[in-house]
Amino acid sequence: SLESSVYAQRARRLVNMVNTMRDAGAHMDLDLPTVVVCGNQSVGKSSVIEALCGIVLPRNEGTCTRCVTEVRMSEQDRDAATASAWSCNVKLRYEYDSHGRPLKAVKEVAFGKEITNKEDVDITVRRAQKALLNPSKDPAQYLHYSFDDSSAAARDKEGASNELKFVKNVVCLDIHGAGVNLTLIDLPGIIRTIDRKDDVPYIQLVEDLVRFYITKSRAIIVATITCKDEIENQAIVHMAKEVDPYGMRTLGVLTKPDTIEAGTHDRWLSIMMGQQYGLKLGYYMIKNPSKADLDRQVSFADARRMEETFFSTQPPWSTIRHQMDRFGVDSLRRELSRQLTLLTEMSIPDMQGKTDEAIQKTMMELNTLPPSVDENSRIELLHMIRHFCTLINYNVTAHQDFKQFYQLIRRHFDIFRESIAITRPTFAMNMKGGQTPAHFTTSITSSISSSISSVVGWGGSVAGARQQPKPPSPSEEASIDTRRTFTVADVRKIIEAQKGRELQGYSAYDAFTYLVTVFQDDWARHGQACLASVSHELNALVTKVTEEMFGRFVNMQGQVRFVIQAFQTELYRATSEVINNLVAMERRYPFTMGAEEFTRTKSAALNEFRSQLEASKSGASGNNPLASGKSESINKALAALTEAGFTGLTPRDLSRLRAESPEDDEVLHVMSACHAYFRLASRRFSDNVPMNIDFHFVSRFAETLEKELIARLGLLDKDMAAVRFMLQEDRFVAERRRALEERKLRLETVWRSLHEYGM
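(A) Molecular detail of the overall build of the protein. Within the protein one finds 24 helices and 11 strands. Out of the 759 residues in the protein, the part that is buried amounts to 46%. Accessible surface, the protein as shown: approximately 38600 Å² in total, 52% of it carbon and sulfur.

(B) Expanded view of the packing of helix 18 (residues 523-550) against helix 19 (residues 554-588). Contact pair helix 18 / helix 19: the axes reach a minimum separation of 10 Å and the direction vectors enclose 165°. Considering the angle they form, helix 18 stands roughly antiparallel to helix 19. For the crossing formed where helix 18 meets helix 19, the hand is right-handed.

(C) Broad picture of the state of the cysteines. Under the counting rule described, the total for this entry stands at zero disulfides. Of all cysteine sulfurs, the one in C88 lies closest to C53, which takes part in no disulfide; the gap is 9.3 Å. By relative accessible area, C53 is classed as buried at 5%.

(D) Highlighting the nonpolar core. Grouped together as the largest cluster of nonpolar side chains are 75 residues, with contacts concentrated most on F388, I392 and L709. The element that contributes the greatest number of residues to this core is helix 22 (residues 662-713), accounting for 21 residues. The contact partners of L709, leaving out residues within four places of it in the chain, are I385, F388, C389, V560, V563, I564 and G714. Listed in part, the 46 residues of the second largest apolar core include M73, L132, L182 and V253.

(E) Focus on the packing of helix 2 (residues 45-53) against helix 11 (residues 329-368). Packing of helix 2 against helix 11 leaves a shortest axis separation of 9 Å and a crossing angle of 75°. The orientation of helix 2 relative to helix 11 falls into the category roughly perpendicular. Note on element contacts: helix 11 touches helix 2 through V329, L332, R333 and L336, opposite V48, A51 and L52. In terms of residue class, the contact of helix 2 with helix 11 is made up of six nonpolar, no polar and one charged.

(F) Representation of the pairing of strand 3 (residues 87-96) in the model. Counting buried residues in strand 3 gives eight out of 10 residues, a clear majority hidden from the surface. Note that strand 3 and strand 5 (residues 170-176) share seven bridges and pair antiparallel. Pairing of R93 across the sheet is with V170, part of strand 5.

(G) The packing of aromatic side chains, seen in detail. Tallied over the entire structure, the rule returns 17 aromatic pairs. One aromatic cluster is present, formed by F310, F311, W317 and F327 through successive ring pairs. Between K168 and the ring centre of Y96, over which it is positioned, the NZ or CZ distance is 4.5 Å.

(H) Spatial organisation of the pattern of salt bridges. Under the definition given, this model contains 37 salt bridges. One salt bridge in this structure joins K91 and E108, with 3.8 Å as the shortest N-O distance. A residue pair is termed long-range when its members are at least 10 positions apart, and K91 in strand 3 and E108 in strand 4 (residues 102-110) qualify at 17 residues. The partner of R525 in a salt bridge is D522, and the shortest N-O contact between them spans 3.5 Å. Assessed through its relative accessible area of 29%, D522 is described here as partly exposed. Residues participating in the shared-partner salt-bridge network are E70, R72, K91, R93, E95, E108 and D174.

(I) The environment of S299, seen in detail. As for its position among the elements, S299 is in the loop between helix 8 (291-295) and helix 9 (300-313). It is 9.7 Å that separates the C-alpha atoms of S299 and G54, two residues lying 245 residues apart in sequence.

(J) The arrangement of a nonpolar patch on the surface in detail. Residues Y589, F591 and M593 make up a contiguous nonpolar surface patch of roughly 390 Å² in combined accessible area. In this structure, F591 sits in the loop between helix 19 and helix 20 (595-621). Using a relative accessible area of 46% as the deciding quantity, one classes F591 as partly exposed.

(K) Just the pairing of strand 2 (residues 68-74), in detail. Of all seven residues in strand 2, seven are buried; the element is thus mostly enclosed. Burial along strand 2 is two-sided: V68, E70, R72 and S74 facing one way and T69, V71 and M73 facing the other are all buried. Where strand 2 lies against strand 5, seven bridges are found, and the strand directions are parallel. Each bridged residue has a counterpart across the sheet, and for T69 the counterpart in strand 5 is V171.

(L) Representation of helix 16 (residues 488-498). Listed in full, the buried residues belonging to helix 16 are V488, D490, V491, I494 and I495. Seen from one end, helix 16 has its buried residues packed into an arc of 165°, which puts them on one side.

(M) Fine view of unusual backbone geometry. For the peptide bond that leads from P315 to P316, omega is 0°, which places it in the cis range. Mapped onto the elements of the fold, P316 is located in the loop between helix 9 and helix 10 (317-320). For S42, which is not a glycine, the phi torsion comes out positive at approximately 65°. Relative to the helices and strands, S42 is located in the loop between strand 1 (34-39) and helix 2. One non-glycine residue, Y277, lies in positive phi territory at about 50°. Within the fold, Y277 resides in the loop between helix 7 (265-272) and strand 9 (283-285).

(N) Focus on the environment of P257. Along the polypeptide, P257 turns up in the loop between strand 8 (250-255) and helix 7. Judged by relative accessible area, P257 falls into the buried class, the value being 2%. Residues P257 and W268, spaced 11 residues apart in sequence, show a C-alpha to C-alpha distance of 9.0 Å. Each residue touching P257, except ones within four places of it in the same chain, is listed here: C227, M285, I286, K287, F310, F311 and W317.

(O) Just helix 2, in detail. The element helix 2 is extensively covered by neighbouring structure, given that eight of its nine residues are classed as buried. Taken together, the buried positions of helix 2 are occupied by K45, S47, V48, I49, E50, A51, L52 and C53.

(P) Structural view of the side chain of E307. When you line up the elements, E307 lands in helix 9. Using a relative accessible area of 4% as the deciding quantity, one classes E307 as buried. Only 3.1 Å separates the side chain of E307 from the side chain of R304, close enough to count as a polar contact. The contacts of E307, once residues within four sequence positions are left out, are I286, K287, G328 and V329.

(Q) Inspection of the confidence of the model for the protein at higher detail. Per-residue confidence for the protein gives a mean pLDDT of 81, with 83% of residues at or over 70. Considering only residues more than four positions removed or in separate chains, one finds that residues 433-479, a stretch of pLDDT under 50, has 80 contacts.

Conventions we followed
- Residues numbered from 1 in each chain as written.
- Predicted model: local features only at pLDDT ≥ 70, side-chain atom pairs only at ≥ 80, totals over all residues.
- Heavy atoms only, no water.
- Helix = DSSP H or I, 4+ residues; strand = E, 2+ residues; numbered from the N terminus.
- Buried < 20%, exposed > 50% of the residue type's maximum accessible area, 1.4 Å probe, protein only.
- Areas by Shrake-Rupley, 256 points an atom, 1.4 Å probe, with all protein chains shown as cover.
- Axes fitted to C-alpha atoms, helices over the stretch in contact; angles between N-to-C directions.
- Parallel < 35°, antiparallel > 145°, perpendicular 65-115°, else oblique.
- Left-handed = near helix turned anticlockwise from the far one by under 90°.
- Disulfide = S-S within 2.5 Å.
- Core = buried A, V, L, I, M, F, W, Y, C linked by side-chain atoms within 4.5 Å.
- Contact = heavy atoms within 4.5 Å.
- Nonpolar A, V, L, I, M, F, W, Y, C, P; charged D, E, K, R; others polar.
- Pairing = 2+ DSSP bridges.
- Phe/Tyr/Trp six-rings, centres within 6.5 Å; stacked < 30°, edge-to-face > 60°.
- Lys NZ or Arg CZ within 6 Å of the ring centre and 35° of its normal.
- Salt bridge = Lys/Arg side-chain N within 4 Å of Asp/Glu carboxyl O.
- Patch = residues over 30% accessible without salt bridge, like charges linked within 9 Å, V, L, I, M, F, W, Y side chains within 5 Å.
- Arc of directions from axis to C-beta.
- Polar contact = N/O pair within 3.5 Å; in protein donor to acceptor, adjacent residues only side chain to side chain.
- pLDDT = per-residue confidence, 0-100.

The structure is reproduced here in structure tokens:
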């Protein structure tokens, strides 16, 4: 009829659509409508598949129980007048590797030529299964393989020769002109008893495989149940109940009704009527040929006639046949086709939405991966090197948004300047060695700008920030410890130790130069430490950018790191020598062209030291007019000096009118000269070292890196094979991109199939 013809065309289009999607591997990404035939071993499952498909499948143990078989059947397209009436194509679909791990991309390959004789299907499928069980071999070598079936021992030997005893990859059969639009998944039988200990691991493997297929929400579970055993004893009943607790997508197929014991038919009749173990899709009963019938090679047509006779003549089935069309293979085939068609039509909108989402997700992940290298490898490599060097240069020059690296460098420069400032000479005005009150102590701290003091934490008395070691006893050699505060007595000892032929009253210049060089002892160490810290930051930057740029190219990354390390080491050594030269220049002899600033700073320090020395003497003798209550006399003296034209004086200035001994004056001049010169020299050195590190090490590295990389890597001289070796991607990145690209193509094929059906 017209209605059945239209329905058949729609069913054929739906089945072809799902088959196209499955060919593209869509079942790896989407839950496709599927009919899964499963059951215990020896329940007649293979006979059910053969009856539905109209072909003979392998029954030899060692092959049929070790592989999944997918049978895709479609009616002959009436418009294809030139096509043969019946044909079958066998394919191998690889979804898992030899260790049972899912592959990144599904691969389906043809196995042999198109089959037009149904009798050739059995041996071809056996050979295809043999190819899957030996994954290291070329499948083509099994196209004409001959099996030794002469005895059970020979068959066991045949099975033992396989690399694998079980495989989850699939043998696919595309059958055209099958008279029905239906796709079946034939799973290995659930194992309950074994003859060999070697087969124990496969019990759980088969159960896991069956559970994997029937768990999918769009799988119609065809639970094959033998009437030869109690239904409660059959594992498939319980497994189906686990994944489909309400029986909404499970269809029961009762086999071997001729084995039901007398007096127990009522139990199976109630099951068929849905009164026990009810299922939404109900139960069907079929009668396949017995083993004796198979041994005499009963044809499919004869088997169907025998089945029809059985159900027409054997009560209680003959009495209820007119009430339900649920007996015989033909009824089962029609119902499965109808259920698959309905399920597929209902699933299309959801599959379209899921496909769109999967495509978007795949595109987003692809965009997170770096693009693949084009065919012109050398130009691509040079572009990558230039881009890499540009990023390094941007960081070194603090270009636009690339500020973080130089901020780290500046931090190390500030730490270096703090370290130099800490080496400043510190003097106390008490006459003897020992502890000194904080208010009698002065230091170079007052010479450092307040902004830097706030950053590095300077300020306050040196006595509070630094431990005061005991000064050397008079019997010790005139030596100096730069970590402590020096008294007038300490400095006088140094002056005495440095005296030569000069007459009394001449400036102690040698003592001054000695003190200066002693306080500069740690400058070389601090300069080298600053260079090392900057080198560490530069190395971290290079490592980070190298990983970002060349991380996917393992060979390239290794060579770039080696060349950069060598280049950076050369610059480091040259810059280290520059720092040593700067230290040597500073320690050679005191030098400055800023005589005016030196004189001004020295004079201010000398006045301050004199005031503190006078305060120290007055405090020690108790003859301090500022603290003895003689304020009236002090005020009169200040008034007289003001009248004489000496304005702006304070009571503290009056202490300077006291005469100083020549020895004290000499000591104070040495102290103030050290103070003034250290201020000039430390500021100069604190600028010169960072400036030279920046110029000779950091900036030169960034400016010449591209030229050095191209030359040392030999990028302009290497042959294409060497260039391609350098650009050989990290295996995981390349495989991930390839898998995503294949998934994208697969999903786009699915998307077209789904939308073309609606046209």
